[in-house]
Amino acid sequence: MIDAVTDYPALAAVRGRRSWSKVTDAAPTRAELLTLVSAAGRVADHSSLRPWRVIELRGDDRLTLGAAIATAEGDDKPSTKPLRAPLVLAIVASYRKSDKVPRWEQEAVASGVAHMLSLLLDEAGWGVIWRTGRYTRAKAVAKAHGLGADEELLGWLYVGGKPQGARPGRRTSVDPRSHLTRMPAATVSGEKADAAAAKAKKKVKKKKKKD
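(A) A look at the sheet that holds strand β1 (residues 52-58). The antiparallel open sheet is built from four strands, whose spatial order is β1-β2-β4-β3. Two strands in the sheet have a free side with no partner beyond their single neighbour: β1 and β3 (126-131). With strand direction ignored, the average angle separating the axes of adjacent strands in the sheet is 25°. With six bridges connecting them, β3 and strand β4 (residues 151-161) associate as antiparallel partners.

(B) The nonpolar core, seen in detail. If you look at the biggest cluster of nonpolar residues, it comprises 21 residues, and the most contacted ones within it are Leu89, Ile91, Leu117, Leu121, Leu157 and Val159. At the level of elements, α2 (30-40), β2 (87-94), α4 (103-123), β3 and β4 are the ones that each hand at least two residues to this core. Looking at this core element by element, the count peaks at six residues for α4. The contacts of Leu157, once residues within four sequence positions are left out, are Leu87, Val88, Leu89, Ile91, Ala114, Leu117, Ser118, Leu121, Val128, Ile129 and Trp130. Listed in part, the 19 residues of the second largest apolar core include Trp20, Ile55, Leu147 and Leu153.

(C) Expanded view of unusual backbone geometry. In the Ramachandran plot, Ser47 falls in the positive-phi region, its phi being about 70° despite a non-glycine side chain. Topologically, Ser47 is positioned in the loop between α2 and β1. Look at Arg50: it is not a glycine, yet its phi comes out positive at around 50°. Looking at the element boundaries, Arg50 is found in the loop between α2 and β1.

(D) Inspection of α2 at higher detail. Within α2 the residues assigned to the buried category are Leu33, Leu36 and Ala40. Each buried residue of α2 sits inside an arc of 70° when the element is viewed along its axis, so together they form one side. Across α2 from its buried face, at more than 90 degrees, point the exposed residues Ala31, Leu34, Thr35 and Ser38.

(E) A look at the side chain of His145. In this fold, His145 is placed in helix α5 (residues 139-145). Polar side-chain contacts of His145 include one of 3.1 Å to the side chain of Trp156.

(F) Looking closely at the side chain of Thr136. The topology assignment puts Thr136 in the loop between β3 and α5. By relative accessible area, which is 7% here, Thr136 ends up buried. What Thr136 contacts, discounting residues up to four positions off in sequence, is Val141, Leu153, Leu154, Gly155 and Trp156.

(G) Region of the structure containing the packing of α2 against α4. Running from N to C, α2 and α4 point in directions that differ by 135°, and their axes come no closer than 9 Å. Considering the angle they form, α2 stands oblique to α4. Once α2 is placed against α4, the crossing between them reads as right-handed. Contact residues: Leu33, Leu36, Val37, Ala39 and Ala40 in α2; Val113, Met116, Leu117, Leu120 and Leu121 in α4. Tallied by class, the residues present in the contact of α2 with α4 amount to 10 nonpolar, no polar and no charged.

Cut-offs used in this document
Residues numbered from 1 in each chain as written. Predicted model: local features only at pLDDT ≥ 70, side-chain atom pairs only at ≥ 80, totals over all residues. Heavy atoms only, no water. Pairing = 2+ DSSP bridges. Helix = DSSP H or I, 4+ residues; strand = E, 2+ residues; numbered from the N terminus. Axes fitted to C-alpha atoms, helices over the stretch in contact; angles between N-to-C directions. Core = buried A, V, L, I, M, F, W, Y, C linked by side-chain atoms within 4.5 Å. Buried < 20%, exposed > 50% of the residue type's maximum accessible area, 1.4 Å probe, protein only. Contact = heavy atoms within 4.5 Å. Arc of directions from axis to C-beta. Polar contact = N/O pair within 3.5 Å; in protein donor to acceptor, adjacent residues only side chain to side chain. Parallel < 35°, antiparallel > 145°, perpendicular 65-115°, else oblique. Left-handed = near helix turned anticlockwise from the far one by under 90°. Nonpolar A, V, L, I, M, F, W, Y, C, P; charged D, E, K, R; others polar.

Next comes the structure, spelled out in structure tokens:
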């Protein structure tokens, strides 16, 4: 049982996570990123396909992205949005051929990596915010990132230093009772339910004997 948040570091980290829309020019090094990306890759991953990758954008890379966004939006001037942070991490779903794991499930894995990496960066002391946009799946933006035929861009993590004295974005806590529900009541009769349960137990016993 959990008596206090301090007894459960992961819970404290999740509760303390905030989005930082404004950051300083400081940014984690590539060596730091490698450690965090490795940890983020521990998310649940059916068949261990690892259907994702992270693209690191620094310096002029952000200008290239700004130009691609402008092309996708039909604007004359490059977008300055990528310049809001010194480091921009593009999260890409890299789909693998699989008879067991459908495309949507692989995208869920890539999304999990994005969230996990965001949490790890925040816990490491960096300001992070998740950004997307209607141009995320635009051809010009995909080309700028060098995406393959079986890849899709999910969005970007904007990363930088946390400004002293600045306040992160606020997020109201959810009411867990409105999101944690139970299965609908069974529609089969009690006798049928008991018979089904007994049959399931027999299958489990047979499987254990074979193992």
